[in-house]
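Structural features, examined
Below are the chains, spelled out letter by letter.
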Amino acid sequence: MTTTTTPRSESGEDFTTSEGLRQVLIRLHEAGPTSWEHDRTADALVAYAAEKYAGLARKHGLDPWEAASAAFEAMRNESTRTARDPWAVVTHAVQLSCMAEERGQGLLCSTHQARRKKYEAFHDPERISDRETPLPDYHPSFQVYDHIDNPTIDDRDESTKAASEEAMSALNAVDECVALFIGLGWPPDAARTAIHYVTTALSRTHSRLSAYEGLRRDKYALAFLDLPQNSWRVLLHALLGYPHPALQATPAGRGILMRLVIGEPIRSILHDEDLILAIALAAPGRAG
């Protein structure tokens, strides 16, 4: 025969209901930060939370007292005391904490990092030997295709050829941009690193406007690339163009990258005196 712990404290306070919990939390808050250490009702409340959330903790592979710790942290927040249903707030907080703790253990990272959305796509680490089929046999990262001597290369459809030519054109455009900036006085390492930084952001967004707006606000880029603010601004305008709608169809609105990709020769860009002068004057290290 099993016995259950009574949820009612020695003082008669019933914290199993939302209103009862609210009254207890308000009293503990008004009594000061050390009230939780010496109050018997607080001890009973935490023990009740451990029992209440034991199943939820075990579901995520945790100890019941880890769930009780999360409940304790939630109960000390003002939002819990003033909520319409304090127990619902505590339950939701415990559930999120248990999920983050389980996720953090799986990803071998902190609970704080596991709560971030950018880690949602990652899966738990696993050994290559854990799978029946060797990883190199099916994962695309380990596949290498050499079409140099492939006799079937001419049998590819037109869309594949067009995609390959477009990718090659984009790579050539990047190389042309790097050579242009170096020729106008930019240090080779600074020009190459900065242009690759911009093109990487552009490949992620697939939109010049989105890439421009994101890079314009990217404070990390200035520190990483060690560029003055003016040099960074001129480089973005030169590569991606000006975002104003009235300039979209003009050379200034298209930017060097797009002008090269659509087939405009580099000598035509060199005749754009305002653009060339702006790039030259913005070269890092150039005297004012």
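In case you missed it, the structure is sitting above this.
Computed from a prediction, not measured in an experiment: that's the story for all the values here.

The rules behind these values
- Residues numbered from 1 in each chain as written.
- Predicted model: local features only at pLDDT ≥ 70, side-chain atom pairs only at ≥ 80, totals over all residues.
- Heavy atoms only, no water.
- Helix = DSSP H or I, 4+ residues; strand = E, 2+ residues; numbered from the N terminus.
- Buried < 20%, exposed > 50% of the residue type's maximum accessible area, 1.4 Å probe, protein only.
- Lys, Arg positive; Asp, Glu negative; His and termini not counted.
- Salt bridge = Lys/Arg side-chain N within 4 Å of Asp/Glu carboxyl O.
- Phe/Tyr/Trp six-rings, centres within 6.5 Å; stacked < 30°, edge-to-face > 60°.
- Core = buried A, V, L, I, M, F, W, Y, C linked by side-chain atoms within 4.5 Å.
- Contact = heavy atoms within 4.5 Å.
- Expected span 1.5 Å × (residues − 1).
- Polar contact = N/O pair within 3.5 Å; in protein donor to acceptor, adjacent residues only side chain to side chain.
- Arc of directions from axis to C-beta.
- Patch = residues over 30% accessible without salt bridge, like charges linked within 9 Å, V, L, I, M, F, W, Y side chains within 5 Å.
- Areas by Shrake-Rupley, 256 points an atom, 1.4 Å probe, with all protein chains shown as cover.

The next point concerns the side chain of Asp-218. Relative to the elements of secondary structure, Asp-218 occurs in the loop between α11 (208–216) and α12 (219–225). Buried and without a salt bridge, Asp-218 has Arg-204 as its closest oppositely charged side chain, separated by 6.5 Å.

Within the structure shown, the criterion is met by eight aromatic pairs. Ring centres 5.1 Å apart and planes at 80 degrees place the aromatic pair Phe-181 and Trp-186 in the edge-to-face group. As far as the burial class goes, Phe-181 and Trp-186 line up, both buried. Taking 5.9 Å as the distance between ring centres and 35 degrees as the angle between the ring planes, the aromatic pair formed by Tyr-197 and Phe-224 counts as tilted.

Membership of the largest hydrophobic core comes to 38 residues, with the highest contact counts inside it found for Phe-181, Trp-186, Trp-232, Leu-235, Leu-239, Leu-240 and Ile-256. Among the elements of the structure, α9 (158–183), α10 (188–205), α11, α12, α13 (229–240), α14 (251–261) and α16 (273–281) are those that each provide at least two residues to this core. In this view, Phe-181 contacts Trp-186, Ala-191, Ile-195, Leu-235, Ala-238, Leu-239, Ile-256 and Ile-279; residues no more than four positions away in its chain are not counted. The next biggest cluster of nonpolar side chains, apart from the first, holds 22 residues, and it includes Leu-62, Ala-71, Trp-87 and Val-90.

Two side chains that carry opposite charge are able to pair once their charged atoms sit near each other. Evaluated as defined, the whole model comprises seven salt bridges. For Asp-39, the salt bridge goes to Arg-27, with nearest N and O atoms at 2.9 Å. Linking Asp-39 in the loop between α2 (35–38) and α3 (40–52) with Arg-27 in helix α1 (residues 18–31), this pair joins segments that are twelve residues apart in sequence. Classification of Asp-39 by relative accessible area gives buried; the value is 14%. Members of the salt-bridge network, linked through shared partners, are Glu-213, Arg-216 and Arg-217.

Taking 1.5 Å per residue as the helical rise, α3 with its 13 residues ought to reach 18 Å, and the 18 Å between its terminal C-alpha atoms agrees with that figure. Within the span of α3, buried status applies to Thr-41, Ala-42, Leu-45, Tyr-48, Ala-49 and Ala-50. For α3, the N-terminal cap is Asp-39; the gap from its side-chain oxygen to the backbone nitrogen of Thr-41 is 2.8 Å.

So, about the side chain of His-60. Checked against the element boundaries, His-60 lands in the loop between α4 (54–59) and α5 (64–75). The residues touching His-60, leaving out its near neighbours within four places in the chain, are Cys-98, Met-99 and Glu-102.

With that settled, the discussion passes to unusual backbone geometry. In this structure, Asp-226 is a non-glycine residue whose phi angle is positive, near 55 degrees. Tracing the backbone shows Asp-226 in the loop between α12 and α13. According to the relative accessible area criterion, Asp-226 is exposed, its value standing at 65%.

Counting along an α-helix, one turn takes 3.6 residues, and residues three or four places apart therefore face a common direction. Listed in full, the buried residues belonging to α11 are Ala-211, Tyr-212 and Leu-215. End-on view of α11: buried residues confined to an arc of 100 degrees, all on one side of the axis. Here the buried face of α11 lies against α10 and α13.

This paragraph deals with a nonpolar patch on the surface. The grouping of Met-258, Val-261 and Ile-262 at the surface amounts to a nonpolar patch, some 230 Å² of accessible area in total. With respect to the helices and strands, Ile-262 occurs in the loop between α14 and α15 (266–270). Owing to a relative accessible area of 49%, Ile-262 belongs among the partly exposed residues under this scheme.

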